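Architecture at a glance
One letter stands for each residue in the lines below.
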Amino acid sequence: MGRKSIFKTLTLATILILFACYAFFNTFKLAESEIPIASRENLISSPSNSAPVKIYMYDLPRKFTLGVIKSYATARGGLKGPLTYPGNQHSAEWYLFSDLTREGRVGSPVTRVLDPEEADVFYVPFFSSLSLVVNPIRPGNGEVQKGLVYSDEEMQEGLIQWLEEQGYWRRNNGWDHVFVCQDPNALYKVVERVKNGVLLLSDFGRLGGNQASLVKDVILPYSHRIRSFDGDVGVESRKSLLFFMGNRYRKEGGKVRNLLFQILENEDDVTIKHGAQSRESRRAASQGMHTSKFCLHPAGDTPSACRLFDAIVSLCVPVIVSDYIELPFEDVIDYRKIAVFVDTKSAVKPGYLIKLLRGVSTERILKFQQELKKVKRYFEYEDPNGTVNEIWRQVSQKLPLIKLMINRDKRIVTRDLPEPDCSCLCSNQSGIDTIL
């Protein structure tokens, strides 16, 4: 065969191969384009495609769980009926415990296993936030007379002693253990000894950068203390522009509250009241939030406070004045769509906040309310598809990191450093700009 014939044959073969590749590629793209975009994303990233994470809940001695409830009731005059967890903003520990102990659990991102050998993670169900407030009045000198007064400090130490006797705690240096410490001071005495674990907390206000981070831990919403708004979106029944009811004087970052009171208490269409937690004040807060367009959320003793979540379930647009706040479930919730963020420096300028809010159109407020209604279930602990499921989803997403840290821990050499070596993303390092 001549050179020209060979060349023609090769050229024809090359053209046929290129045509076949082109046809295959376009057929594949056509098939892919017929799949809705949301479905294509789900094929790649949907948690439902993964098997539930296996969680083992320790059978702690009763004093660390139901015994804490009994001690709380005893300190207030004794039990008056069945043993029930008292209502408070830090009751996530009760809802998580109840969820893992109920029968017929389905649709959860985690499945409870009774054999610790099967577990991916270990849940430590100590009621740490309730333990902190068992005594209605703590000894003034800080000393606790053993046997006569409940001691949260002794409970924390007792928990660590019990854990250190468990082979599964020692096996991986605590990296695969989950603790709930929702109150900012919960587990404060032993936090340095449990910091390897996944901490379920409300913010990082009392913790160091080498103790907690967004990468390792999970931010929880407070349990809302007022009734949810069961109506539809609208501004007709919301005559008040801005509402706040809570403690006027707080420590640390919460000092902004007193400044806001001074600026806002004489403004028209603004209700700002000093009030402690009580049944009557919760009723007044429900009425106020349900009839206001915006609800003020200034920092408390730490960056977050329960009023943010009260506002969300009230469809009252939160106005967040807290420069270093971390928010729950931010991988699925765009808070810019449901809240107004104002930096502290701007918020305390006379007239600034009111002018900003009065400039928000009714249409924009309705959009805020519609988005609030969409995400409301994430903040309802009682909802079967609400807060508890979302917390477990967040925990399940930590599993790859847990495995990474366990394997890494087995090879690294401990060194003394002049400053903490923050291996995780540190939080609370930057402020915010006003966002509306």
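Please read all numbers here as calculations on a predicted model, not as lab measurements. (Residues numbered from 1 in each chain as written. Predicted model: local features only at pLDDT ≥ 70, side-chain atom pairs only at ≥ 80, totals over all residues. Heavy atoms only, no water.)

What the protein chain contains, in helices and strands, is 16 helices and 11 strands. Out of the 436 residues in the protein chain, the part that is buried amounts to 46%. When the accessible area of the protein chain is evaluated, it comes to approximately 23,100 Å², of which 53% is carbon and sulfur surface. (Helix = DSSP H or I, 4+ residues; strand = E, 2+ residues; numbered from the N terminus. Buried < 20%, exposed > 50% of the residue type's maximum accessible area, 1.4 Å probe, protein only. Areas by Shrake-Rupley, 256 points an atom, 1.4 Å probe, with all protein chains shown as cover.)

A separate point is unusual backbone geometry. Its identity is not glycine, yet L315 carries a phi of approximately 55°, on the positive side. The topology assignment puts L315 in the loop between α11 (307-313) and β10 (317-321). For F329, which is not glycine, the phi torsion reads 60° and is therefore positive. Along the chain, F329 falls in the loop between β10 and β11 (340-341).

Sheet architecture is open: 5 strands sit in the order β8-β7-β9-β10-β11, paired in parallel fashion. Since the sheet does not close on itself, it has two edges, and those belong to β8 (270-274) and β11, each with one partner. The pairing of strand β7 (residues 240-246) with β8 spans 5 bridges and is classified as parallel. Note on β8: the bridge partner recorded for G246 is H274. Sitting on the sheet, helix α9 (residues 256-264) is in contact with β7, β8, β9 (292-298) and β10, with an inclination near 135° to β8. Strand contacts of helix α10 (residues 279-290): β7 and β9, with the helix running at about 160° to β7, the strand carrying the most contacts. (Pairing = 2+ DSSP bridges. Contact = heavy atoms within 4.5 Å. Axes fitted to C-alpha atoms, helices over the stretch in contact; angles between N-to-C directions.)

With that settled, the discussion passes to the sheet that holds strand β4 (residues 177-180). Pairing is parallel across the open sheet formed by 6 strands, whose spatial order is β2-β1-β3-β4-β5-β6. The open sheet has two edge strands with one neighbour each: β2 (110-112) and β6 (218-219). Pairing of strand β5 (residues 198-201) with β6 involves 2 bridges; the strand directions are parallel. What sits directly across from L200, in β6, is V218. Its contacts with the sheet place helix α4 (residues 92-101) against β1 (53-57), β2, β3 (121-124), β4 and β5, and it is angled at close to 105° to β1.

Another point: the nonpolar core. A general trend in soluble globular proteins is that nonpolar side chains are found buried together. Among the nonpolar cores identified, the biggest contains 107 residues, and Y123, L200, L242, F294 and L296 are the most heavily contacted of them. A per-element tally of this core places helix α6 (residues 152-164) first, with 5 residues. Counting residues domain by domain, this core receives three or more from each of domain 1 (53-219) and domain 2 (240-379). For Y123, the residues in contact, after removing those within four places along its chain, are I55, Y56, M57, Y58, E93, L96, L100, V178, V180, L200 and W392. (Core = buried A, V, L, I, M, F, W, Y, C linked by side-chain atoms within 4.5 Å. Domains from an automatic or database assignment.)

What follows is about the packing of α4 against helix α15 (residues 387-396). Put simply, α4 and α15 touch, their axes get as near as 10 Å, and they point 85° apart. Judged on the interaxial angle alone, α15 and α4 are roughly perpendicular. Facing Y95, L96, D99 and L100 of α4, the residues of α15 in contact are V388, I391 and W392. Taken together, the residues that form the contact of α4 with α15 break down as 6 nonpolar, no polar and 1 charged. (Parallel < 35°, antiparallel > 145°, perpendicular 65-115°, else oblique. Nonpolar A, V, L, I, M, F, W, Y, C, P; charged D, E, K, R; others polar.)

Take the side chain of D310 next. With respect to the helices and strands, D310 occurs in helix α11. Comment: no salt bridge for buried D310; closest opposite-charge side chain is R307, at 5.7 Å. (Lys, Arg positive; Asp, Glu negative; His and termini not counted. Salt bridge = Lys/Arg side-chain N within 4 Å of Asp/Glu carboxyl O.)

Here the focus is the packing of aromatic side chains. Tallied over the entire structure, the rule returns 19 aromatic pairs. Their ring planes at 35° and their centres at 6.0 Å tell us that W94 and F97 sit as a pair that is tilted. Highlighted residues: W94 and F97, both in helix α4, separated by 3 residues, approximately one helical turn. Taking the relative accessible area as the measure of exposure, W94 reaches 25% and is therefore partly exposed. Looking at F97, the relative accessible area reads 13%, which means it is buried. Centre to centre, the rings of Y95 and Y381 are 5.0 Å apart; their planes meet at 25°, and the pair counts as stacked. Taken together, the residues span a long stretch of sequence, with Y95 in helix α4 and Y381 in the loop between α14 (362-375) and α15 at a distance of 286 residues. The exposure class of Y381 is buried, given its relative accessible area of 4%. (Phe/Tyr/Trp six-rings, centres within 6.5 Å; stacked < 30°, edge-to-face > 60°.)

The next point concerns the side chain of E380. Inspection of the secondary structure assignment puts E380 in the loop between α14 and α15. The side chain of E380 sits in the buried core without any salt bridge; K376 is the nearest counter-charge, 4.4 Å away. A distance of 2.6 Å separates a polar atom in the side chain of E380 from a polar atom in the side chain of S228. Contacts of E380, omitting those with residues within four sequence positions, involve H224, S228, V313, G386 and T387. (Polar contact = N/O pair within 3.5 Å; in protein donor to acceptor, adjacent residues only side chain to side chain.)

Time to look at α6. Under the 1.5 Å per step criterion, the end-to-end length of α6 is 18 Å for 13 residues, consistent within 8% with the ideal 18 Å. Along α6, the residues that are buried comprise D152, E153, M155, Q156, G158, L159, I160, W162 and L163. Lining the buried residues of α6 we find α3 (66-74), β3, α5 (128-132), α7 (167-171), β4 and α8 (191-194). (Expected span 1.5 Å × (residues − 1).)

Here D323 shows up in the loop between β10 and β11. Here the alpha-carbon distance between D323 and V342, two residues 19 residues apart in the chain, equals 8.2 Å. A polar contact is formed between the side chain of D323 and the backbone nitrogen of T344, at a distance of 3.0 Å.

A low pLDDT score tells you not to read the predicted coordinates there in detail. Scored by pLDDT, the protein chain has a mean of 84; 80% of the residues are at 70 or more. Low pLDDT, under 50, characterises residues 1-48; the stretch is placed with 10 contacts to residues that sit more than four places away or in other chains. (pLDDT = per-residue confidence, 0-100.)

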